[in-house]
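What the coordinates show
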Amino acid sequence: MSQVKLKFIEAMAAVTPVFGALLQSGDRLTDMFAKLQGLLGVRNARASIISVVSGGNSTTADQIIVTTSIPANYLALSGTIDVRAAGIFTKPLSIGTSLTFWVKVGANKIASFAYVPISTQTTCNFQLDVVLVARAIGASGSLVASGICNADTSTNQLTFASGTTGAADTTAAVPITIGYTFSNSNASNNVTAHTAIIEMK
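This section reports on the structure supplied with the text. Computed from a prediction, not measured in an experiment: that's the story for all the values here.

Observations concerning the side chain of aspartate 82
Here aspartate 82 is to be found in strand S4 (residues 80-91). Not counting the four nearest positions on each side in its chain, aspartate 82 is found in contact with Val130, Val131, Ile197, Ile198, Glu199 and Lys201.

Overview of the pattern of salt bridges
In this structure the tally under the stated criterion is eight salt bridges. Here lysine 201 makes a salt bridge to aspartate 82, at a shortest N to O gap of 3.9 Å. Of this pair, lysine 201 sits in the segment after strand S11 (190-200) while aspartate 82 sits in strand S4, and the two are 119 residues apart along the sequence. For lysine 201, a relative accessible area of 53% translates into the label exposed. Residue arginine 84 pairs with glutamate 199 through a salt bridge whose shortest N-O separation is 3.9 Å. With a gap of 115 residues between them, arginine 84 in strand S4 and glutamate 199 in strand S11 connect regions that are remote in the sequence. By relative accessible area, arginine 84 is classed as partly exposed at 29%. Members of the salt-bridge network, linked through shared partners, are Arg46, Asp82, Arg84, Glu199 and Lys201.

Quick word on the sheet that holds strand S6 (residues 108-115)
Pairing within the open sheet is antiparallel, and its four strands lie in the order S3-S10-S5-S6. The strands lining the two open edges of the sheet, one partner per strand, are strand S3 (63-70) and S6. Pairs of neighbouring strands in the sheet enclose a mean axial angle of 10°, with direction left out of account. The pairing of S3 with strand S10 (residues 174-182) spans seven bridges and is antiparallel. Looking across to S10, one finds that serine 69 is bridged to proline 175.

Here we look at the environment of proline 17
Summarising the element assignment, proline 17 is placed in the loop between helix H1 (2-11) and helix H2 (29-40). Sequence-wise, proline 17 and alanine 34 are 17 residues apart; in three dimensions their C-alpha atoms are separated by 4.5 Å. In this view, proline 17 contacts Ala34, Gln37 and Gly38; residues no more than four positions away in its chain are not counted.

Concerning the pairing of strand S8 (residues 142-151)
The buried fraction of S8 is high, at seven of ten residues. Pairing of strand S7 (residues 121-136) with S8, which is carried by ten bridges, proceeds in the antiparallel orientation. Of the residues in S8, the one forming a bridge with aspartate 129 is isoleucine 148. The hairpin turn running from S7 into S8, its antiparallel successor, is five residues long, and glycine 138 in that turn takes a positive phi close to 105°. Inspection of the sheet shows S8 paired to strand S9 (residues 164-167) by four bridges, in the antiparallel sense. By the bridge assignment, serine 142 is partnered in S9 with alanine 167.

What counts, and where the lines are drawn
- Residues numbered from 1 in each chain as written.
- Predicted model: local features only at pLDDT ≥ 70, side-chain atom pairs only at ≥ 80, totals over all residues.
- Heavy atoms only, no water.
- Helix = DSSP H or I, 4+ residues; strand = E, 2+ residues; numbered from the N terminus.
- Contact = heavy atoms within 4.5 Å.
- Salt bridge = Lys/Arg side-chain N within 4 Å of Asp/Glu carboxyl O.
- Buried < 20%, exposed > 50% of the residue type's maximum accessible area, 1.4 Å probe, protein only.
- Pairing = 2+ DSSP bridges.
- Axes fitted to C-alpha atoms, helices over the stretch in contact; angles between N-to-C directions.

Printed below as a string of structure tokens:
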């Protein structure tokens, strides 16, 4: 009997993962495999850096620290994504120029933390902590962001007013990115991220 079952599983066609669904009594074998693949797919909905990420010298282009995509149809209503990064930055004084840490959903910056220093900053610590919550799902889905980014001391704290909402078509893969941008080009500008993670909860 067991041999017959194994042959059946071996011959079973590939199944499409089902995300966010629980196993239930009466599920067919193909349904069970689809749900289990969706559950295991959570590992694909997180990303972290495995070594130091450093850059920002002589450029005003957006710089990426880490990025990942939440699989299509995985996000459920009120589902959350934790976004965190920490490290150091250096920015010579240039009056009126800024360093902005940000979180993108797709191509849109849903959370931005702009820092305009009034003196030269050398190897200053930063820590970014943002939570994204699915407020709506589907082709017209949306994520709302809340969070804070601290730069070195309380006097240099980067604060963020929570509640910014961005569009997110959850029927397709949803790219999430952590990064930063210098508003001026300087060879000594630098951000070095020691840790960074994007994690589906």
